[in-house]
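# Coordinates in review
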Amino acid sequence: MAALYLLQDKYLFIPDNESVANPNPTTGAVDITFNEPPLSLTVEILSVTGQIKYRREYNEYAGRTIRITELGNLEQGIYFIRLIKENGIDVHKIIKVDN
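The model shown is predicted, which means the values in this text are computed figures rather than measured ones.

### Observations regarding the sheet that holds strand E7 (residues 88-96)
An order of E4-E3-E6-E7 is seen for the four strands of this open sheet, with the pairing classed as antiparallel. Every other strand in the sheet has two partners, leaving strand E4 (52-58) and E7 as the edge strands with one partner each. Taking each pair of neighbouring strands and ignoring which way they run, the sheet shows an average axis angle of 15°. Bridge count between strand E3 (residues 41-47) and strand E6 (residues 77-85): seven bridges; the pairing is antiparallel. Note that in E6 the partner of Leu41 across the bridge is Lys85.

In structure tokens, the structure reads:
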């Protein structure tokens, strides 16, 4: 696991206290990588109209990367992934395409 963190630090630039989401567009799974692992995390997937399609809370979350697969259950379109952390909120615009 330490080797993975070293590779991420070397090849994946993430601004301080922020996150990146990829791939985008996606057919269903999105990996969120954090600069610093959040202590707690709430993940929400919202439609363009603001309707919450998915919500999950991670208490005592300790990882640097999280995979969100719930987009696979949604229709093709534009969605927003809102990440609520102890030090702020990140929002990623994601395009979901069908296979």
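### Things to note about the nonpolar core
Counting residues in hydrophobic clusters, the biggest one holds 17 residues, and the most contacted among them are Ile32, Val43, Ile45, Leu71 and Ile81. Of all the secondary structure elements, the ones that give two or more residues to this core are strand E2 (30-34), E3, E4, strand E5 (65-68) and E6. Discounting residues that sit within four places of it in the chain, Leu71 has contacts with Thr26, Gly28, Val30, Ile45, Tyr79, Ile81, Ile94 and Lys96.

### What about the side chain of Glu44?
Here Glu44 is to be found in strand E3. Here Glu44 falls in the buried class, since its relative accessible area comes to 3%. At 2.6 Å, the side chain of Glu44 forms a polar contact with the side chain of Arg82. Residue contacts for Glu44: discarding those within four places in its chain leaves Ile52, Tyr54, Arg55, Phe80, Ile81, Arg82 and Ile84.

### Describing a nonpolar patch on the surface
Among the surface-exposed residues, Val48, Ile78 and Ile95 lie close enough to one another that they form a single nonpolar patch of about 240 Å² accessible area. Note on placement: Ile95 falls in strand E7. According to the relative accessible area criterion, Ile95 is partly exposed, its value standing at 36%.

### A few points about the pairing of E2
Across the five residues that make up E2, a large majority, five, are buried. Residues Val30, Ile32 and Phe34 point to one face of E2 and Asp31 and Thr33 to the other, with burial holding for every one of them. Note that strand E1 (residues 19-22) and E2 share four bridges and pair antiparallel. The residue bridging Val20 from the neighbouring strand is Thr33, located in E2. Direction of pairing for E2 relative to E5: antiparallel, over a ladder of four bridges. Looking at E5, one finds that Val30 is bridged to Ile68.

Definitions and cut-offs
- Residues numbered from 1 in each chain as written.
- Predicted model: local features only at pLDDT ≥ 70, side-chain atom pairs only at ≥ 80, totals over all residues.
- Heavy atoms only, no water.
- Pairing = 2+ DSSP bridges.
- Helix = DSSP H or I, 4+ residues; strand = E, 2+ residues; numbered from the N terminus.
- Axes fitted to C-alpha atoms, helices over the stretch in contact; angles between N-to-C directions.
- Core = buried A, V, L, I, M, F, W, Y, C linked by side-chain atoms within 4.5 Å.
- Buried < 20%, exposed > 50% of the residue type's maximum accessible area, 1.4 Å probe, protein only.
- Contact = heavy atoms within 4.5 Å.
- Polar contact = N/O pair within 3.5 Å; in protein donor to acceptor, adjacent residues only side chain to side chain.
- Patch = residues over 30% accessible without salt bridge, like charges linked within 9 Å, V, L, I, M, F, W, Y side chains within 5 Å.
- Areas by Shrake-Rupley, 256 points an atom, 1.4 Å probe, with all protein chains shown as cover.
- Salt bridge = Lys/Arg side-chain N within 4 Å of Asp/Glu carboxyl O.

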